[in-house]
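In case you want the letters, here they are:
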Amino acid sequence: MTRLTPLLERNEQFARTYTPIALGLPTAQVLVVTCLDHRVDPAIVLGLQLGDAPVIRNAGGRVTQAVIDDIAYLAFLAERLFAGQDPADTLFEVAIVHHTQCGTGFLADPGFRQQAAEATGLSAAALEASAVADPHTTVETDVERLLTSPLLSPKVSVSGHVYDVTTGRVTATLDARYPPGPSPRPPRTSGPGRPL
Ligand SMILES: [Zn+2]
């Protein structure tokens, strides 16, 4: 027995009607970056189905170097495997979703942050950098951080969103933009039925 046992039973139900999905571009043409908080599961909040969108989650949904590295690799992989399949020659949009009542918000308090640093061995500066006290502010910071990264493909756009855990509503706060460069591309519109 493990605590996963009841979840494995759910998986058994899932596998009975499962249809495999071939490796391809994500159907929604979106990659979601969001918090690991168990109240913020994008599959449920955004109604994602298998094959719709890759999701990167960490504390706060912050755009760390590790997140930038993953996005750079995914863009390379998508371009290498599926180049030319999209008539607009774009790859995907990165949707950064921060949320209200984030547990990282406590780290904005210097005393709490110092205690966390001493207890975990993490640096106080790193903990401060991960704090989401105001999701509107941090999502703007992270959209800019990703857009200005030299590792971001010019075929990848970035948008910002805030999820309100009290209403269940995701609000788009920053429209999708491509990184600044010599040949900016117009933002693409997503298909019907997939609002973010
Ligand atoms: Zn959170």
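Bear in mind that the values here come from a model prediction, so they are computed numbers and not experimental data.

Conventions we followed
- Residues numbered from 1 in each chain as written.
- Predicted model: local features only at pLDDT ≥ 70, side-chain atom pairs only at ≥ 80, totals over all residues.
- Heavy atoms only, no water.
- Buried < 20%, exposed > 50% of the residue type's maximum accessible area, 1.4 Å probe, protein only.
- Helix = DSSP H or I, 4+ residues; strand = E, 2+ residues; numbered from the N terminus.
- Pairing = 2+ DSSP bridges.
- Salt bridge = Lys/Arg side-chain N within 4 Å of Asp/Glu carboxyl O.
- Donors = N, O, S within 2.8 Å, 3.2 Å for Na, K, Ca; no water.
- Axes fitted to C-alpha atoms, helices over the stretch in contact; angles between N-to-C directions.
- Contact = heavy atoms within 4.5 Å.

A. Examining the pairing of strand E4 (residues 156-164) more closely. Counting buried positions along E4 gives 8 out of 9 residues, so the element sits mostly inside the fold. Two strands pair when backbone bridges link them, and strand E3 (residues 92-99) and E4 are joined in this way by 8 bridges, in the parallel orientation. Of the residues in E4, the one forming a bridge with Ile-96 is Gly-160. Sheet topology places E4 next to strand E5 (residues 169-177); 6 bridges connect them, and they run antiparallel. Across the sheet, residue Gly-160 finds its bridge partner in E5, namely Leu-174. Linking E4 to E5, which pair antiparallel, is a turn of 4 residues; within it Gly-168 sits at a positive phi near 80°.

B. Local environment of the pattern of salt bridges. According to the stated counting rule, one finds 6 salt bridges in the structure shown. Arg-113 is paired through a salt bridge with Glu-128; the nearest N and O atoms lie 3.7 Å apart. Of the two residues, Arg-113 sits in helix H4 (residues 110-120) while Glu-128 sits in helix H5 (residues 124-130), which places them 15 residues apart along the sequence. Residue classification places Arg-113 among the buried residues on the basis of a relative accessible area of 12%. Given the relative accessible area of 44%, Glu-128 is considered partly exposed.

C. Fine view of the coordination of the zinc ion. For the zinc ion, every protein donor is listed as Cys-35 (SG), His-99 (NE2) and Cys-102 (SG), and the spread of their distances is 2.0 to 2.2 Å. One chain supplies every donor for the zinc ion, spaced along it as C-x63-H-x2-C. A residue pair is termed long-range when its members are at least 10 positions apart, and Cys-35 in strand E1 (residues 30-35) and His-99 in strand E3 qualify at 64 residues. A relative accessible area of 3% means that Cys-35 is categorised as buried.

D. Summary view of the sheet that holds E3. Taken in spatial order, the 5 strands line up as E2-E1-E3-E4-E5 in an open sheet, and their pairing is mixed. Since the sheet does not close on itself, it has two edges, and those belong to strand E2 (55-58) and E5, each with one partner. The sheet shows a mean angle of 20° between the axes of neighbouring strands, taken without regard to direction. Sheet strands touched by helix H3 (residues 65-82): E1, E2, E3 and E4. Its angle to E3, the strand with the most contacts, is close to 155°.

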